[in-house]
Each structure stands twice: as C-alpha cells, then as structure tokens.
Amino acid sequence: MASGQTLVEHRLDAEGADPLMVAGVNDRHIQELARLFAVRVVLRGDQVVLSGELPAVERAVPVVQHMIELARMRAPFDVADIGRFADDVEVLRPDGIVSPSGEVRIALPGSRRVIVPKSEGQRGYVASIVQNDIVIGIGPAGTGKTYLAVACAVDALYKRRVRRIILARPAVEAGENLGFLPGDLQEKVDPYLRPLYDALEDMMPHDRVSRALEDSTIEIAPLAYMRGRTLSDAFVILDEAQNATRAQMKMFLTRLGMSSRVVITGDKTQIDLPRREDSGLLEVEEILAGIQGISLVYLDEKDVIRHRLVKDIIRAYSKAGEGESRGEPKGESR
C-alpha cells in the first residue's frame, strides 16, 4: 500500500438485498471486488463494508451499490458481470434508483417487486423527485402521480434517507355530503384517504404497514391536520392538491422542515372546490415556477397507465371543456 494514502471505511446499506446474490457462491463476488479495486469487502448483517485507500473505495462504491440494487430486485449477475459494472461505472446511477438498461427502477426491499416508470413523462417525474426538494406533479388521472411518489417515499424510508413518510389529502366533498357518513371524524375522512392506504399496501407487506402506522413512521391524515407543525426529516406527499385552497397550500408549503422532501400531486381538471379559482394548485403553478429546488412536472394522456379507454375519456372531456370555454353548447363542440 503506497505511503501517504488515506485509509477509509465506507458502509453501504444492503437491507432487502439477497445476501447470497451480493456475496456470490463461496464469496466469489466479494473476492472479485477485492481483486478489481484492491479493497477489503465484508458483508456484515444488512451492510456491506468497504475499506482501503480512498481512491479505491470511491471507485468501488457505485459498483457495490449497483450489485446491492440488483440483489434487491432478484436480478441475477455473476463474477464476469462485476468486471463489466466496473468498466461502465459512469453509467451506474447513484441514490439506489438504478438503471441497468437505461430505465429508472425502484426496487422494493423485502419483495420481488420492481417499480419501473412506463413512459417518458413518468421517468422525468421520478428523476425530478430524486433531484429536487419540492416537486409539483400535475396531470390527469391514471398517470401515476401518486403511485410513483409513494414508491419514491417508501424507497427513501427503506434506505434511511428520511425517518418518516407523511401522506396528506384535502378532505373535500366530491358530490357527496361528508356529514351524512357514519362514524366519528376519523371514520368520516378515512374514505378520502383510502387511495393512499392502497398505494402503500401495494408496496409493503400489510403487517409492516400496520406497524409503521402504529409507531407514526408513516402518517396518513387530512391536510387540515398539518397546521402548526414542522415536518422535518420526512418525505411528505400532498395528494389531490387541486382541492387545497390557496391558504391551505401556503400553510402546507411552509411546514417544510430540515432534511425533508415534498411532492405535490394534482389534476387541474378535477377541482371540487365551490370556486375553481380558489384552488391553491393553480396559484402555486404560477408563483413558484422558476424557484431553484422546486420542479413543476406535467404529465398528460400519453402517460396514462390504466385501461386503454381512460386515455380516450380524458381526451373527450378535454375536448368538451375546450368547446365550453369557447361558449359552444354542450354536444356541439368540435
């Protein structure tokens, strides 16, 4: 070992990764890493520990991170692949969201599920979430705004980038009267929050979701419950933001604390407020554009990942809305 070199130790989180896939049969993967980079590699519990000279460890880190992500996705690789990873180190993505074939992928630890954005718009949306502290995703139903945001939140929680997830929605009546629903206040608002529960339970085992809700690692609540709080070290999602008033939107944005990320999702065509112009989503779209660290992402019908008819329905409603804005009677829009 050359004199004057700085010796370091770097630990990588391997939670959810198959340890046999990371280490290889008879530790062959670990031995190959040691040979290629001249570092010491130890698999210790849910961590891979790299130690050696600083330049060598820096070169090895993205390769080992890539191996961990592949092991989380149960995507097989062998000793020969490790050399290829080392040769192509510049194309390996940091932050644990890797792209072995040029696509953004979110591996869910503890399961065999991998969430892959399915359109260019969705890929840009996820990339913006990775790169910015506040992301505002605007688009019609079915474009994956909420689902992908929750996936990124779960990914950040598993990798300990945040300590908790907070999911909020305005409890705004969409044609029904909230007061006539049975039960106490929580039971009345739970139906409005159900889509957030569904997204979580699609990505995490039910018992793990239950434990996280019990110990407040994950919190799902109406937007009004955010007032007066500081949301630090958290991944915060405001869903259905088109139904937040201007005052509520300002209140929510000013809750942002240290080491937190915010994703706001909304559909401007589904505003259920008495007056459309009161929507806080319409206001922030105008006044926050251009601020560094805040990204506005627009999704459209090309990004809809639902039944094929959903795209046609969205297109038909958009066409009808354009006709009404020109003063044409219903049924005569062209």
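For the structure given in this document, a descriptive report is provided here. These figures come from a predicted structure and were not determined experimentally. (Residues numbered from 1 in each chain as written. Predicted model: local features only at pLDDT ≥ 70, side-chain atom pairs only at ≥ 80, totals over all residues. Heavy atoms only, no water.)

Here we look at a nonpolar patch on the surface
Convention followed: A residue counts toward a patch only above 30% relative accessible area and without a salt bridge, and it is joined to like-charged neighbours within 9 Å or, for Val, Leu, Ile, Met, Phe, Trp and Tyr, to nonpolar neighbours within 5 Å. Each accessible area is a Shrake-Rupley result for a 1.4 Å probe, and residues are judged covered by the shown protein chains and nothing else. For salt bridges, the criterion is a side-chain nitrogen of Lys or Arg within 4 Å of an Asp or Glu carboxyl oxygen. Helix and strand definitions here come from DSSP, where helices need a minimum of 4 consecutive H or I residues and strands a minimum of 2 consecutive E residues; each element is numbered from the N-terminal end.
A cluster of nonpolar side chains, namely Leu 309, Ile 313 and Tyr 317, defines an oily patch on the protein surface of about 340 Å² accessible area. Within the secondary structure, Leu 309 sits in helix α11 (residues 308–325).

Here we look at unusual backbone geometry
As a reminder of what qualifies: Buried residues are those whose accessible area, probed at 1.4 Å on protein chains only, stays under 20% of the maximum for their type, while exposed residues exceed 50% and partly exposed ones sit between those limits.
Phi is positive for Asn 26, close to 55 degrees, though the residue is something other than glycine. Following the sequence through the fold, Asn 26 ends up in the loop between α1 (19–23) and α2 (28–37). You will see that Ala 38, though not glycine, has its phi angle at about 55 degrees, which is positive. Assessed through its relative accessible area of 61%, Ala 38 is described here as exposed.

Brief notes about the pattern of salt bridges
In the structure shown here, the tally under the stated rule is 19 salt bridges. As a salt-bridge pair, Arg 160 and Asp 13 come within 3.3 Å of each other at their nearest N and O atoms. Note that Arg 160 is positioned in the loop between α6 (145–158) and β7 (164–169) and Asp 13 in strand β1 (residues 7–13), a separation of 147 residues in sequence. A residue is classified by how much of its surface remains accessible, and Arg 160, at 58% relative accessible area, is exposed.

Side note on the side chain of His 29
In plain terms, the rule: In what follows, residue pairs with any heavy atoms lying within 4.5 Å of each other are defined as contacts.
Assignment of secondary structure puts His 29 in helix α2. Here His 29 is in contact with Met 21, Val 22, Ala 23, Gly 24, Met 67, Phe 77, Asp 78, Val 79 and Ile 82, once residues within four sequence places are set aside.

Things to note about helix α3 (residues 54–72)
Selection criterion: The span you would expect from a helix comes to 1.5 Å times its residue count less one. Two axes enter the bend calculation: one fitted to the seven residues ending at the residue in question, the other to the seven starting there, and the bend is the angle between them.
Taking 1.5 Å per residue, 19 residues should reach 27 Å; α3 reaches 27 Å between its end C-alpha atoms and fits that length. Maximum bend of α3: about 30 degrees, positioned at Val 61, with proline Pro 62 one to four residues after it. Burial within α3 is extensive, with 14 of its 19 residues counted as buried. Backbone geometry just downstream of α3 places Arg 74 in the positive-phi region, at approximately 55 degrees.

Let's talk about the packing of α2 against α3
Our working definition: Simply put, an axis is a line fit to the C-alpha atoms, just over the touching stretch for a helix, and the angle between two N-to-C directions goes from 0 to 180 degrees. Any angle that falls under 35 degrees is termed roughly parallel, while one over 145 is termed roughly antiparallel, one within 65 to 115 roughly perpendicular, and all others oblique. Each crossing is labelled by how the near helix is turned from the far one, with a counterclockwise turn of less than a right angle marking it left-handed and a clockwise turn marking it right-handed.
Running from N to C, α2 and α3 cross one another at 150 degrees; their axes reach a closest spacing of 10 Å. For the element pair α2 / α3, the angle class is roughly antiparallel. The interaxial crossing formed by α2 with α3 has right-handed handedness. Residues His 29, Leu 33 and Phe 37 of α2 form the contact with α3, whose participating residues are Ala 56, Arg 59, Ala 60, Val 63, Val 64 and Met 67.

Details of the sheet that holds β1
Selection criterion: When DSSP finds two or more bridges between a pair of strands, those strands are recorded as paired.
If you walk across this open sheet you meet the three strands as β1-β3-β2, and the pairing is antiparallel. The two strands at the open ends of the sheet, each matched to only one other strand, are β1 and β2 (40–44). Looking at each pair of strands side by side, their axes are set apart by 20 degrees on average, direction ignored. As judged from the five bridges shared by β2 and strand β3 (residues 47–53), these two strands associate in the antiparallel manner. Residue pairing across strands places Arg 44 opposite Gln 47, the latter belonging to β3.

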